[in-house]
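# Fold and contact review
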Amino acid sequence: MEEEKGEFMKKKTLIYVAHPYGGNEENKKAVEKFVDPLKKFKDVTFISPIHSFWGYEKTDYLKGIEDCLSLLSQCDILAIPRFRDIEKSKGCLMELGFAKGVGITIVYWDELREYLEAYEVEEEE
């Protein structure tokens, strides 16, 4: 039983998936479309701040950013779109700057699939 518990509790790589949001549900769907085909990789957990907080639209902006950065600080990788796609998103720019400042690995969305090729793929049931 102890071995099973150890296997279950194996640390997974936490990937924080950044994307502009601004309350636009289409942005939430874009994250889902991006992450869905990547869920096949073993030992990886995707964290989306867009999907993680309730009442986002009713939360003070700075409190929301603090919550996002707190979540990001627990992650191993920041997956983020290229600058041209986030240059108008203050939140994404703060997440990128924070990740650079604390040494979190940054992988751009268009490079993430290749980056994850180092991980095993879940067997289909």
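Residues numbered from 1 in each chain as written. Predicted model: local features only at pLDDT ≥ 70, side-chain atom pairs only at ≥ 80, totals over all residues. Heavy atoms only, no water.

### Re the overall build of the protein
Looking only at helices and strands, the protein has seven helices and four strands in total. Along the chain direction, N to C, the helices and strands of the protein fall in the order α-β-α-β-α-α-β-α-α-β-α. Scored against the burial criterion, the 125 residues of the protein give a buried share of 34%. Within the protein, contacts between residues separated by at least 24 positions form 75% of all contacts whose residues are at least 6 apart in sequence. Accessible surface computed for the protein: about 8500 Å², of which carbon and sulfur atoms make up 51%. (Helix = DSSP H or I, 4+ residues; strand = E, 2+ residues; numbered from the N terminus. Buried < 20%, exposed > 50% of the residue type's maximum accessible area, 1.4 Å probe, protein only. Contact = heavy atoms within 4.5 Å. Areas by Shrake-Rupley, 256 points an atom, 1.4 Å probe, with all protein chains shown as cover.)

### Quick word on the environment of Gly-103
Residue position: Gly-103 is located in the loop between helix H6 (90-102) and strand S4 (105-108). For Gly-103, a relative accessible area of 61% corresponds to the exposed category. For the pair Gly-103 and Asp-76, spaced 27 residues apart in sequence, the C-alpha to C-alpha distance is 9.3 Å.

### Considerations on the packing of aromatic side chains
The final tally for this structure, using the stated rule, is one aromatic pair. Plain terms: the ring middles of Phe-34 and Trp-109 are 3.8 Å apart, the flat faces sit at 5 degrees to each other, and that makes the pair stacked. On the criterion of sequence distance, the pair formed by Phe-34 in helix H2 (residues 25-35) and Trp-109 in helix H7 (residues 109-116) is long-range, its members being 75 residues apart. Judged by its relative accessible area of 16%, Phe-34 falls in the buried class. (Phe/Tyr/Trp six-rings, centres within 6.5 Å; stacked < 30°, edge-to-face > 60°.)

### A word on the environment of Phe-34
Phe-34 sits 75 residues away from Trp-109 along the chain, and the two C-alpha atoms are 8.3 Å apart. Each residue touching Phe-34, except ones within four places of it in the same chain, is listed here: Val-17, Trp-109 and Leu-112.

### Overview of the sheet that holds S4
Judged by pairing direction, the sheet is parallel, and its four strands sit side by side in the order S2-S1-S3-S4 without closing on themselves. Unpaired on one side and paired on the other, strand S2 (44-47) and S4 mark the two borders of the sheet. Going across the sheet, the axis of each strand differs from the next one's by a mean of 25 degrees, ignoring polarity. Here four bridges tie strand S1 (residues 13-17) to S2, and the two strands are oriented parallel to one another. (Pairing = 2+ DSSP bridges. Axes fitted to C-alpha atoms, helices over the stretch in contact; angles between N-to-C directions.)

### So, helix H4 (residues 61-73)
With 13 residues, H4 ought to run about 18 Å at 1.5 Å a step, and its terminal C-alpha atoms sit 18 Å apart, in line with that. Looking at H4, one finds that the buried residues are Gly-64, Ile-65, Cys-68, Leu-69 and Leu-72. All buried residues of H4 fall inside an arc of 130 degrees around its axis, so they share one side. Contacts from the buried residues of H4 go to S1, helix H3 (49-52), strand S3 (77-80) and H6. Two to three positions downstream of the cap, the backbone nitrogen of Leu-62 sits 3.3 Å from a side-chain oxygen, assigning the N-cap of H4 to Asp-60. (Expected span 1.5 Å × (residues − 1). Arc of directions from axis to C-beta. Polar contact = N/O pair within 3.5 Å; in protein donor to acceptor, adjacent residues only side chain to side chain.)

### Digging into the side chain of Thr-13
With respect to the element layout, Thr-13 can be found in strand S1. Of the polar contacts made by the side chain of Thr-13, one reaches the side chain of Tyr-119; its length is 2.9 Å.

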